[in-house]
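Here is how the chains run, residue by residue.
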Amino acid sequence: MKPVLRLLRPADWLVLAVSAAGIGLLWNRGSGGDRVLIKQEGRVFLETTPRLDREIAVPGPLGDTLVEIKAGRVRVKADPGPHQICVKQGWLMPGQVAICLPNRVSVERGASVYDSLNY
Amino acid sequence: MTPSTIELTITEEDRRIATLAAAAVGLTLVEAAIPLPLPGIKPGLANIVTLVVLYQFGWRAAVWVSLLRIVAGGLALGTFLTPTFVMSLSGGLSSLLVLGLLVRLPRRLFGPVGLSVLAAFAHIGAQLGVVSIWLMPGVNLVPLLALFLGAAWLSGLVNGLVVANLLEKKP
């Protein structure tokens, strides 16, 4: 371990520490609350709650992207794009975004924050 | 054969830059074969070459090597002039810019690791800028920011340590 640490100069340590702290802060900063945000062409298509089970068809240039909300979870169920990246992502974790680029649809799962009524 | 009217003199520096750029392209190709968890997160091994060139032959040579690598790598991977190429170019240019400024700082304080980490941030920053302005305007990238910056931090650190180690062996 010693010879590796010797390669770091004083300002290197500073850069590493400050940036790590910044990243840590960013990481912990939840945003959005308990919600699902569907965008099409960059515009908000639908903002809804993950508590309501349903399927939403979002029209895009290639056809409909099918978004499924079930039991408080969200996923892209079907997409007309060739790579199926957003479909393979599966159920979204809070804070995650699924992006179906060819069809210009993005589905965002808001990060969970404390529920002030129940907490 | 008719002798060419254009006289192309190849200097020793040209050969050196070509050799180093070839090494960087090699690393880019190797890296492309590694499966990665998320598009945009990769170790950026070719930047090791850029940094070593920066320290040994100066900023101009580093710019040459880096741009040659981006163009040749783009051609080899079939991404030339695609959005992927634009991402790679924007990241490369911004990190070169940052490196050009940082390399003037006192060497006793700032080593390869600091430069590598800050250049990695500049790299991913420019790429996220391109994504949010041109490729996916309106998509909220903030939740992903910590992930991308964390990856840049780690790869910058590892690459910087490799560079520091290489420079120590061959001053």
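See above for the structure.
Report follows, based on the coordinates. (Residues numbered from 1 in each chain as written. Chains lettered and ligands numbered in written order. Predicted model: local features only at pLDDT ≥ 70, side-chain atom pairs only at ≥ 80, totals over all residues. Heavy atoms only, no water.)

**So, the state of the cysteines**
Residues and elements named next belong to chain A. For the coordinates displayed, the defined rule picks out one disulfide over all chains. Note on cysteine connectivity: Cys86 is disulfide-linked to Cys100, with sulfurs 2.1 Å apart. Here the disulfide of Cys86 and Cys100 is right-handed, its torsion about the S-S bond being about 110°. Placement of the pair is Cys86 in helix H3 (residues 85-88) and Cys100 in strand S6 (residues 97-100), with a sequence separation of 14 residues. Cys100 sits in the buried class, given a relative accessible area of 1%. (Disulfide = S-S within 2.5 Å. Helix = DSSP H or I, 4+ residues; strand = E, 2+ residues; numbered from the N terminus. Buried < 20%, exposed > 50% of the residue type's maximum accessible area, 1.4 Å probe, protein only.)

**Concerning empty space enclosed by the protein**
All names here are of chain B. Taken as a whole and judged by the stated rule, the model has one cavity of 30 Å³ or more. Considering only enclosed or pocket space, the largest cavity measures out at about 30 Å³ in volume. Considering the residues around the largest cavity, the lining is formed by Asn47, Thr50, Ser66, Arg69, Gly92, Ser95 and His123. Elements that contribute at least two residues to the lining of the largest cavity include exactly helix H2 (46-57), helix H3 (59-77) and helix H4 (83-102). Tallied by class, the residues present in the lining of the largest cavity amount to no nonpolar, six polar and one charged. (1 Å grid on protein atoms, 1.4 Å probe; cavity = no way out; pocket = protein on both sides within 12 Å on 5 of 7 lines; lining within 4 Å. Points joined across faces, edges and corners; volume = space filled by probe spheres on them. Nonpolar A, V, L, I, M, F, W, Y, C, P; charged D, E, K, R; others polar.)

**A short note on the packing of H3(B) against H4(B)**
Residues and elements named next belong to chain B. H4 packs onto H3 with a crossing angle of 170° between their chain directions and a minimal axis gap of 10 Å. The pairing of H3 with H4 is recorded here as roughly antiparallel in orientation. Between H3 and H4, the residues in contact are Trp59, Ala62, Val63, Ser66, Leu67, Arg69, Ile70, Val71 and Gly74 and Phe85, Ser88, Leu89, Gly92, Leu93, Leu96, Leu99 and Gly100, respectively. Grouping the constituent residues of the contact of H3 with H4 by class yields eleven nonpolar, five polar and one charged. (Axes fitted to C-alpha atoms, helices over the stretch in contact; angles between N-to-C directions. Parallel < 35°, antiparallel > 145°, perpendicular 65-115°, else oblique. Contact = heavy atoms within 4.5 Å.)

**A word on H2(B)**
All names here are of chain B. In this model H2 runs 16 Å from its N-terminal to its C-terminal C-alpha over twelve residues, within 8% of the 16 Å that 1.5 Å per residue would give. Among the twelve residues that make up H2, nine are buried, leaving the element largely enclosed by the rest of the structure. Inspection of H2 places Ala46, Ile48, Val49, Thr50, Leu51, Val52, Val53, Leu54 and Tyr55 among the buried residues, and these make up the whole buried set. Looking one or two residues past H2, Gly58 carries a phi angle of roughly 95°, positive in sign. (Expected span 1.5 Å × (residues − 1).)

**Things to note about the packing of aromatic side chains**
Within this structure, the stated rule accounts for one aromatic pair over all chains. With centroids separated by 4.9 Å and ring planes inclined at 70°, the aromatic side chains of Phe80(B) and Phe85(B) adopt a geometry described as edge-to-face. By relative accessible area, Phe80(B) is classed as partly exposed at 34%. Here the basic side chain of Arg73(A) rests over the ring of Trp91(A), its NZ or CZ set 4.2 Å away from the ring centre. (Phe/Tyr/Trp six-rings, centres within 6.5 Å; stacked < 30°, edge-to-face > 60°. Lys NZ or Arg CZ within 6 Å of the ring centre and 35° of its normal.)

**Description of the nonpolar core**
With 46 residues, the main nonpolar core has Leu51(B), Leu54(B), Val65(B), Leu115(B), Val117(B) and Val163(B) as its most contacted residues. Element by element, the count of residues in this core is highest for helix H5 (residues 112-135) of chain B, at ten residues. Here Leu51(B) is in contact with Leu99(B), Pro112(B), Leu115(B), Ser116(B) and Val163(B), once residues within four sequence places are set aside. Ranked by size, the runner-up nonpolar core spans 14 residues in total, among them Ile69(A), Val74(A), Ala98(A) and Val107(A). (Core = buried A, V, L, I, M, F, W, Y, C linked by side-chain atoms within 4.5 Å.)

**Topic: the pattern of salt bridges**
Under the definition given, this model contains six salt bridges over all chains. Taking the shortest distance from any N to any O, the salt bridge between Glu68(A) and Arg75(A) comes out at 2.7 Å. The class of Arg75(A) is partly exposed, set by a relative accessible area of 25%. A salt bridge links Glu31(B) to Lys42(B); the nearest nitrogen and oxygen atoms lie 3.9 Å apart. (Salt bridge = Lys/Arg side-chain N within 4 Å of Asp/Glu carboxyl O.)

**Focus: the pairing of strand S4 (residues 63-70) of chain A**
Residue and element names in this part refer to chain A. Summarising the sheet, strand S3 (residues 54-60) and S4 pair through seven bridges and their orientation is antiparallel. Pairing of Arg54 across the sheet is with Ile69, part of S4. The hairpin formed by S3 and S4 contains two residues between the paired strands. Following S4, the chain reverses through two residues before pairing antiparallel with strand S5 (residues 73-78); Ala71 in that reversal takes a positive phi of roughly 50°. (Pairing = 2+ DSSP bridges.)

**Re the sheet that holds S5(A)**
Residue and element names in this part refer to chain A. Strands sit in the order S3-S4-S5 across an open sheet of three strands; the sheet is antiparallel. In the strand order of this sheet, the two ends are held by S3 and S5, each with one partner. Put simply, the sheet's adjacent strands are angled 25° from each other on average, direction ignored.

**Section: the sheet that holds strand S7 (residues 105-109) of chain A**
All names here are of chain A. Ordered in space as S2-S1-S7-S6, the four strands form an open sheet in which the pairing is antiparallel. Because the sheet does not close on itself, it has two edges, and the strands there are strand S2 (43-48) and S6. Between one strand axis and the next, the sheet turns through 15° on average, direction left out of account. Judged from the five bridges that link them, strand S1 (residues 36-40) and S7 form a sheet pairing that is antiparallel. Its bridge partner lying in S7, Ile38 is registered against Val107.

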